[in-house]
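The chain contents come next:
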Amino acid sequence: MVKNSHHGGSKTLGKLFQLYLPDKTHRTYSCLHCRAQLANHDELISKSFQGSQGRAYLFNSVVNVNTSAAEERVLLTGLHEVADIYCECCKTLLGWKYEHAFESSQKYKEGKYIIELVHMIKDNGWDDENVDHSEYMKK
């Protein structure tokens, strides 16, 4: 779930409730700084994006983030209207959300999220894909 609260804006009282991806979600991405879950691997669209601090991934949906007010920015692929996204738990700037693309070839990005790799860690079950199960099958 993404909350549209302008970072540094009005304060809300109450307890922070972190969203967790379903238990059946075995591969997730989390905030490197506080380990809050951010996205399910199934929501990953592309690993071929560039953020301000290096490589970045494009996701269809994310959880535990807030967005800033949208603004126009000239990115590598042209003019876009984007909103910065922050970790709901530790307030780290993670990347941005594409609100509007001005070029027709870039419209597929609208409503999608960029998270920079420098702020993300793989969690839950990633080691399983590197395990050689053949030894277990012989027994």
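An unreviewed UniProt entry lists the protein chain under the name Protein yippee-like, from Rotaria magnacalcarata. You can read under Sequence similarities (unreviewed entry) in the UniProt record for the protein chain the words "Belongs to the yippee family."

Trainee: Just to check I follow, could you spell out the overall build of the protein chain for this structure?
Mentor: On a plain count of helices and strands, the protein chain comes out with 1 helix and 11 strands. Helices (α) and strands (β) of the protein chain occur, in sequence order from the N terminus, as β-β-β-β-β-β-β-β-β-β-β-α. Taking all contacts inside the protein chain whose residues are at least 6 apart in sequence as the whole, residues at least 24 apart take part in 51%. Working note: accessible area of the protein chain is about 8,600 Å², and carbon and sulfur atoms make up 51% of it.

Trainee: Would you mind going over the pairing of strand E2 (residues 28–31) with me for this structure?
Mentor: Along a regular strand, successive side chains alternate from one face of the sheet to the other. Looking at chain direction, E2 and strand E3 (residues 37–40) are connected through 3 bridges and run antiparallel. Paired with Thr28 across the strands is Asn40, a residue of E3.

Trainee: Would you mind showing me how to read the packing of aromatic side chains here?
Mentor: Counting across every chain of the model gives 4 aromatic pairs. Relative to Tyr57, the ring of Tyr29 has its centre 5.9 Å away and its plane inclined at 90°; by these criteria the two rings are edge-to-face. Taken together, the residues Tyr29 in strand E2 and Tyr57 in strand E5 (residues 54–59) connect sequence positions 28 residues apart. Across the pair, exposure class does not vary: Tyr29 and Tyr57 are buried alike. Aromatic pair Tyr29 and Phe59: ring centres 5.3 Å apart, planes at 70°, arrangement edge-to-face.

Trainee: Got a minute to help me understand the layout of surface pockets in this structure?
Mentor: Space left empty within the atom packing is revealed by a probe, the size of a water molecule, rolled over the atoms. Roughly 200 Å³ of internal volume is contained in the second largest pocket. Looking at the second largest pocket, the residues that line it are Phe49, Gln50, Gly51, Ser52, Leu75, Leu76, Thr77, Trp96, Tyr98 and Lys109. Residue assignment for the lining of the second largest pocket shows that the elements contributing at least two residues are strand E4 (44–51) and strand E9 (93–101). Counting residues per element, the lining of the second largest pocket draws most heavily on E4, at 3 residues. Of the residues in the lining of the second largest pocket, the class split is 5 nonpolar, 4 polar and 1 charged.

Trainee: Honestly, the sheet that holds E2 in this entry has me stumped. Any pointers?
Mentor: The strands making up a sheet associate through backbone hydrogen bonding, with each pair oriented either parallel or antiparallel. Pairing is antiparallel across the open sheet formed by 3 strands, whose spatial order is E3-E2-E11. The outermost strands of the open sheet, each flanked by one partner alone, are E3 and strand E11 (120–123). The mean inter-strand angle of the sheet, taken between neighbouring strand axes irrespective of direction, is 30°.

Conventions and cut-offs
- Residues numbered from 1 in each chain as written.
- Predicted model: local features only at pLDDT ≥ 70, side-chain atom pairs only at ≥ 80, totals over all residues.
- Heavy atoms only, no water.
- UniProt positions renumbered as here; feature names shortened; annotations may be inferred.
- Helix = DSSP H or I, 4+ residues; strand = E, 2+ residues; numbered from the N terminus.
- Contact = heavy atoms within 4.5 Å.
- Areas by Shrake-Rupley, 256 points an atom, 1.4 Å probe, with all protein chains shown as cover.
- Pairing = 2+ DSSP bridges.
- Phe/Tyr/Trp six-rings, centres within 6.5 Å; stacked < 30°, edge-to-face > 60°.
- Buried < 20%, exposed > 50% of the residue type's maximum accessible area, 1.4 Å probe, protein only.
- 1 Å grid on protein atoms, 1.4 Å probe; cavity = no way out; pocket = protein on both sides within 12 Å on 5 of 7 lines; lining within 4 Å.
- Points joined across faces, edges and corners; volume = space filled by probe spheres on them.
- Nonpolar A, V, L, I, M, F, W, Y, C, P; charged D, E, K, R; others polar.
- Axes fitted to C-alpha atoms, helices over the stretch in contact; angles between N-to-C directions.

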